[in-house]
Amino acid sequence: MRPHPPGKFLHPKARNPLGPPIGLLIGSALLSLFLVQAGRAESRGDAKLGKMIYAKNCAACHGQNGVGLGNRSSLPNFTDGKTMAAKTDQELFNKISNGGKGTGMPAYNKVLAEQDRWHVLAYIRTFSNP
Ligand code: HEC
């Protein structure tokens, strides 16, 4: 094989001018994926801590098992994965914080600290996503 003229040879990988930016793109894509994950209740709250908060504050209406007590037909079923998956964490968090305004769901923004509301949300998620 004829030797390359000095200075002209580039390693095939180094020849791609898009090389480093693509690596950067993949890196930042992975980073934003991580940040999205970090934004979910599972990581914002601790379901184990939420369990105690739930038992004390929520189980009276929503039931120990999250199905909702029978005589309150308007109660959501936390074990129903399809309906629960359709709700964002922020929606559910807002409902817990501000209540249902006349629906019977109390507001917990003055009862539970913000972090505790994330804990209890993380726990509610475990009913449909064990
Ligand atoms: C006095 C009864 C009662 C208590 C106590 C109660 N809830 Fe509710 N909750 C309701 C009712 C009724 C609804 C349905 C009406 C509505 O969404 O506003 C509801 C709805 C919700 C929803 C909305 C679900 C959806 O699918 O949109 C969430 C989340 C929720 N409750 C969480 C909690 C948490 C967490 C606690 C305890 C910190 C709690 N609730 C305590 C009665 C209650």
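Computed from a predicted model, the values in this text were never measured in an experiment.

Along its length, the protein chain carries 8 helices and 0 strands. Reading the helices (α) and strands (β) of the protein chain from amino to carboxyl end gives α-α-α-α-α-α-α-α. A buried classification covers 25% of the 130 residues belonging to the protein chain. For the protein chain, the share of sequence-separated contacts (at least 6 apart) that also reach a separation of at least 24 residues comes to 57%. For the protein chain, the accessible surface area stands at approximately 9300 Å², while carbon and sulfur atoms represent 62% of it.

Moving on to the coordination of the iron atom of the ligand. Of the protein atoms, only His62 (NE2) and Met105 (SD) coordinate the iron atom of the ligand, at distances of 1.9 to 2.1 Å. Relative to the metal, the 6 donor atoms surrounding the iron atom of the ligand lie at angles of 86 to 177°, and the coordination shape comes out octahedral. Here methionine 105 lies in the loop between helix H7 (89-98) and helix H8 (114-128) and histidine 62 lies in helix H5 (residues 59-62), a separation of 43 residues in the sequence. For histidine 62, a relative accessible area of 9% corresponds to the buried category. Under the relative-accessibility criterion, methionine 105 is labelled partly exposed at 22%.

This paragraph deals with H8. Helix length check: H8 (15 residues) gives 23 Å between terminal C-alpha atoms against 21 Å at 1.5 Å per residue, within 8%. Taken as a whole, H8 has its buried residues at Arg117, Trp118, His119, Val120, Leu121, Ala122, Tyr123, Ile124, Arg125 and Phe127.

A few words on the site of the ligand. Neighbouring the ligand are 21 residues, the closest being Cys58, Cys61, His62, Lys95 and Met105. One of the side-chain N or O atoms of lysine 87 is found 2.9 Å from an oxygen atom in the ligand. Contact between the ligand and threonine 103: an oxygen atom at 2.5 Å from a side-chain N or O atom of the residue. For the shell around the ligand, the secondary structure elements donating two or more residues are H5, H7 and H8. The element best represented in the shell around the ligand is H7, accounting for 3 residues. In the shell around the ligand, the residues fall into 13 nonpolar, 6 polar and 2 charged.

Right, let's get into unusual backbone geometry. Despite not being glycine, lysine 101 has its phi angle at roughly 50°, a positive value. Note on lysine 101: relative accessible area 71%, which makes it exposed.

A few words now on the packing of aromatic side chains. This model, assessed by the stated rule, comprises 5 aromatic pairs. Here a set of aromatic residues connected by ring pairs shows up, and it is made of Tyr54, Phe78, Tyr123 and Phe127. Sitting above the plane of the tryptophan 118 ring, arginine 44 keeps its charged end 4.0 Å from the centroid.

This next bit is on H7. Looking only at H7, the buried set comprises Asp89, Leu92, Phe93, Ile96 and Ser97. The arc that holds the buried residues of H7, viewed along the axis, is 135°, so those residues lie on one side. Phi for glycine 99, located one or two positions after H7, is positive at around 75°.

Let us now look at the nonpolar core. The biggest cluster of nonpolar side chains holds 17 residues, and the ones touching the most others in it are Tyr54, Phe78, Ile96, Val120, Leu121 and Ile124. Every element with two or more residues in this core is listed here: helix H4 (47-57), H7 and H8. When sequence neighbours within four positions are dropped, the list of residues in contact with tyrosine 54 reads Ala59, His62, Gly63, Gln64, Gly66, Phe78, Val120, Tyr123, Ile124 and Phe127.

Basis of the calculations
- Residues numbered from 1 in each chain as written.
- Predicted model: local features only at pLDDT ≥ 70, side-chain atom pairs only at ≥ 80, totals over all residues.
- Heavy atoms only, no water.
- Helix = DSSP H or I, 4+ residues; strand = E, 2+ residues; numbered from the N terminus.
- Buried < 20%, exposed > 50% of the residue type's maximum accessible area, 1.4 Å probe, protein only.
- Contact = heavy atoms within 4.5 Å.
- Areas by Shrake-Rupley, 256 points an atom, 1.4 Å probe, with all protein chains shown as cover.
- Donors = N, O, S within 2.8 Å, 3.2 Å for Na, K, Ca; no water.
- Tetrahedral: all angles 85-135°; square planar, octahedral: opposite > 155°, others 65-115°.
- Expected span 1.5 Å × (residues − 1).
- Near = heavy atom within 4 Å.
- Polar contact = N/O pair within 3.5 Å; in protein donor to acceptor, adjacent residues only side chain to side chain.
- Nonpolar A, V, L, I, M, F, W, Y, C, P; charged D, E, K, R; others polar.
- Phe/Tyr/Trp six-rings, centres within 6.5 Å; stacked < 30°, edge-to-face > 60°.
- Lys NZ or Arg CZ within 6 Å of the ring centre and 35° of its normal.
- Arc of directions from axis to C-beta.
- Core = buried A, V, L, I, M, F, W, Y, C linked by side-chain atoms within 4.5 Å.

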